[in-house]
Amino acid sequence: MLNSGRVVATFGKHCLVEADGGIVDCVGRGRKTDIACGDGVEFKPIGPGQGVIERVAPRRNLLYRSDPFKTKYFAANLDQVLVVSAAEPGLNENLLNRCLVAAQAAGIPAAIVLNKADLAQTAALHDHLKGYQAIGYPVIPVSARHDVSPLLPLLAGKTSVLIGPSGVGKSTLVNALVPEADVRTAEISRALNAGRHTTTHTRLYALPGGGALIDSPGMQEFGLHHLSLDQLQAAFPEFRPYLGHCRFYNCRHLKEPDCAITAAAASGAILAGRLRAYQALVEERLAADQLHK
Ligand SMILES: Nc1nc2c(ncn2[C@@H]2O[C@H](COP(=O)(O)OP(=O)(O)OP(=O)(O)O)[C@@H](O)[C@H]2O)c(=O)[nH]1
Ligand SMILES: [Mg+2]
Ligand SMILES: [Zn+2]
């Protein structure tokens, strides 16, 4: 007989499954485990608190990153992706955009959580991020240390994942929102100097008001090897009004003459940081395709 549950943590070949109010330590069947936090699974109990995953339920969506060698899952069956930024350690705009592109390509709504609103440097970053709000990505300033109430209406009843670089305060946000979570967090200097991140695996927490919040390890790189040129272009919704207006019908918006997208960026209608992130992704795609010729 099989039991069903939801994956609340993944650690390599193991995962923790919440079923009937308890936690079961499960391993995947076979060589390769293909399980994401948030997956619905059916498992066979093989001992007290232990099981073997037999089936993964069809996913509504899956957020992941990939390079030519491997794929890394963040989580599945999400209502929204919350990309966390903070003035300390500072904005990595390329990474922010890769997170937004991954969400867009997976068909999951995304918003930007600007944490550490208590720091004076946050105001300038907030101004910069207003350009993202204009594209359609809500920007929510909060302070995990002082006030997370602006997030409550956004999170209620939904399954959300927090992603972003190390040290922006993802786990501190979880601790503020889920009182019993007690996730380990670290002083930035300690975490960054040690060259490793505080959170080492993805974990789902039930929110007291309903819904769930998933904490993930901070990342420095975010490969999107699984996306085609067309998918990359489609993931920048603000480019749409300009597409079809370049001199060349197959313009990639890199260095081609009379490109409507680069002209829009020069006039400020498209954010320079967005065009740079797009171009870096296209260059990577083209370089990878070249290698496989
Ligand atoms: N001033 C200020 N500091 C904060 C705030 N939120 C988090 N921090 C600090 O930022 C540091 C990093 O916080 P973490 O929650 O460990 O960051 P993280 O994003 O989970 O990092 P990884 O697990 O490595 O990905 C800690 O020293 C926190 O106390 C905030 O709202 N204001
Ligand atoms: Mg963390
Ligand atoms: Zn163009």
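Residues numbered from 1 in each chain as written. Chains lettered and ligands numbered in written order. Predicted model: local features only at pLDDT ≥ 70, side-chain atom pairs only at ≥ 80, totals over all residues. Heavy atoms only, no water.

Visitor: Tell me about the coordination of the zinc ion (ligand 3), and name the residues and values.
Guide: The zinc ion (ligand 3) binds to the protein through Cys246 (SG), Cys251 (SG), His253 (ND1) and Cys259 (SG); the donor distances cover 2.1 to 2.4 Å. Seen from the zinc ion (ligand 3), its four donor atoms lie at angles of 104 to 115°, and the figure they make is tetrahedral. For the zinc ion (ligand 3), the single-chain donor residues occur in sequence as C-x4-C-x1-H-x5-C. On the accessibility criterion, Cys251 (9% relative accessible area) is buried. By relative accessible area, which is 3% here, His253 ends up buried. (Donors = N, O, S within 2.8 Å, 3.2 Å for Na, K, Ca; no water. Tetrahedral: all angles 85-135°; square planar, octahedral: opposite > 155°, others 65-115°. Buried < 20%, exposed > 50% of the residue type's maximum accessible area, 1.4 Å probe, protein only.)

Visitor: Could you give an account of the coordination of the magnesium ion (ligand 2), with specific residues and numbers?
Guide: Protein-derived ligands of the magnesium ion (ligand 2) are Ser171 (OG) and Thr199 (OG1), with the metal-ligand distances lying across 1.9 to 2.1 Å. Residue Ser171 is found in helix α4 (residues 170-177), and its partner Thr199 is found in the loop between α5 (188-193) and β12 (203-206); the two are separated by 28 residues along the sequence. Side by side, Ser171 and Thr199 carry an identical accessibility label, which is buried. (Helix = DSSP H or I, 4+ residues; strand = E, 2+ residues; numbered from the N terminus.)

Visitor: Describe the packing of helix α1 (residues 93-105) against helix α8 (residues 272-291), listing the residues and the values that go with them.
Guide: Packed helix pairs are specified by the crossing angle of their axes together with the interaxial distance, meaning the distance between the axes. Relative to each other, α1 and α8 sit at 70°, their axes nearing to 9 Å. The orientation of α1 relative to α8 falls into the category roughly perpendicular. Here Glu93, Asn94, Asn97, Arg98, Leu100 and Val101 of α1 come into contact with α8, specifically with Gly273, Arg274, Arg276, Ala277, Ala280, Leu281 and Glu284. Residues of the contact of α1 with α8, tallied by class, amount to five nonpolar, three polar and five charged. (Axes fitted to C-alpha atoms, helices over the stretch in contact; angles between N-to-C directions. Parallel < 35°, antiparallel > 145°, perpendicular 65-115°, else oblique. Contact = heavy atoms within 4.5 Å. Nonpolar A, V, L, I, M, F, W, Y, C, P; charged D, E, K, R; others polar.)

Visitor: How would you summarise the site of ligand 1 if you had to cite specific residues and measurements?
Guide: Ligand 1 sits among 24 residues. The nearest are Asp118, Ser166, Lys170, Thr172 and Thr199. In the environment of ligand 1, a nitrogen atom lies 2.8 Å from a nitrogen or oxygen atom belonging to the side chain of Asp118. Within the backbone of Gly167, one N or O atom sits 3.0 Å away from an oxygen atom of ligand 1. Per-element tally for the shell around ligand 1: the top contributor is α4, with three residues. (Near = heavy atom within 4 Å. Polar contact = N/O pair within 3.5 Å; in protein donor to acceptor, adjacent residues only side chain to side chain.)

Visitor: Lay out the packing of aromatic side chains with the relevant residues and their values.
Guide: Any pair of aromatic rings gets described here by the distance separating the centres and the angle formed by the planes. Enumeration over the complete set of coordinates arrives at five aromatic pairs. Measuring from centroid to centroid gives 5.5 Å for Phe74 and Phe222, while their planes differ by 20°, and the two rings are stacked. Note that Phe74 is positioned in strand β7 (residues 71-76) and Phe222 in the loop between β13 (212-215) and α6 (229-234), a separation of 148 residues in sequence. An identical accessibility class is assigned to Phe74 and Phe222; each is buried. (Phe/Tyr/Trp six-rings, centres within 6.5 Å; stacked < 30°, edge-to-face > 60°.)

Visitor: Tell me about the pairing of β13, residues and numbers included.
Guide: Taking every second residue as pointing to the same face, both faces of β13 are buried, with Ala212 and Ile214 on one and Leu213 and Asp215 on the other. Pairing of strand β11 (residues 159-163) with β13, which is carried by three bridges, proceeds in the parallel orientation. Along β13, the bridge assignment pairs Thr159 with Ala212. Sheet analysis places β12 next to β13, joined by four bridges and oriented antiparallel. When the bridges of β13 are listed, Leu204 appears paired with Ile214. Between the end of β12 and the start of β13, which pair antiparallel, lie five residues, with Gly210 showing a positive phi angle near 100°. (Pairing = 2+ DSSP bridges.)

Visitor: An account of the pairing of strand β4 (residues 40-47) is needed here, citing residue identities and associated values.
Guide: Each regular strand carries side chains that alternate between the two faces of the sheet. Relative to β4, strand β1 (residues 3-11) runs antiparallel, the two being bridged by four bridges. Paired with Asn3 across the two strands is Phe43, which belongs to β4.

Visitor: Lay out the state of the cysteines with the relevant residues and their values.
Guide: According to the stated counting rule, one finds zero disulfides in the structure shown. For the unlinked cysteine Cys99, the closest cysteine sulfur is that of Cys37, found at 17 Å. Overall, Cys99 belongs to the buried group, its relative accessible area being 1%. (Disulfide = S-S within 2.5 Å.)

Visitor: Residue-level account of helix α2 (residues 122-135), with values.
Guide: Here α2 contains 14 residues, and its C-alpha end-to-end distance of 20 Å stays within 8% of the 20 Å for a straight helix at 1.5 Å per residue. Considering bend angle alone, the principal kink of α2 is centred on His128 and spans about 30°. Where α2 is concerned, the buried positions are Thr122, Leu125, Leu129, Gly131 and Tyr132. The inward-facing, buried residues of α2 contact β8 (80-86), α1, β9 (110-115), β10 (139-141) and α8. (Expected span 1.5 Å × (residues − 1). Bend = angle between axes of the 7 residues up to and from the residue.)

Visitor: Pulling in residues and values, what's your account of the domain arrangement of the protein chain?
Guide: One can read the domain layout of the protein chain as domain 1 (3-56), domain 2 (62-215) and domain 3 (229-291). Placing the centre of domain 2 and that of domain 3 at their C-alpha centroids yields a distance of 27 Å. Between domain 2 and domain 3, the residue contacts involve eleven residues of the former and 15 residues of the latter. Around 1,000 Å² of area is buried between domain 2 and domain 3 when both sides are counted, 66% of it from carbon and sulfur atoms. Taking the shortest distance from any N to any O, the salt bridge between Arg98 and Glu284 comes out at 2.8 Å. Taken together, the connections running from domain 2 to domain 3 amount to two residue pairs in polar contact (both at pLDDT 80 or more). Secondary structure elements with two or more residues in the side of domain 2 that touches domain 3: α1 and α2. The element best represented in the side of domain 2 that touches domain 3 is α1, accounting for seven residues. Residue composition of the side of domain 2 that touches domain 3, grouped by class: five nonpolar, four polar and two charged. (Domains from an automatic or database assignment. Buried area = accessible area lost by both parts, 1.4 Å probe. Salt bridge = Lys/Arg side-chain N within 4 Å of Asp/Glu carboxyl O.)

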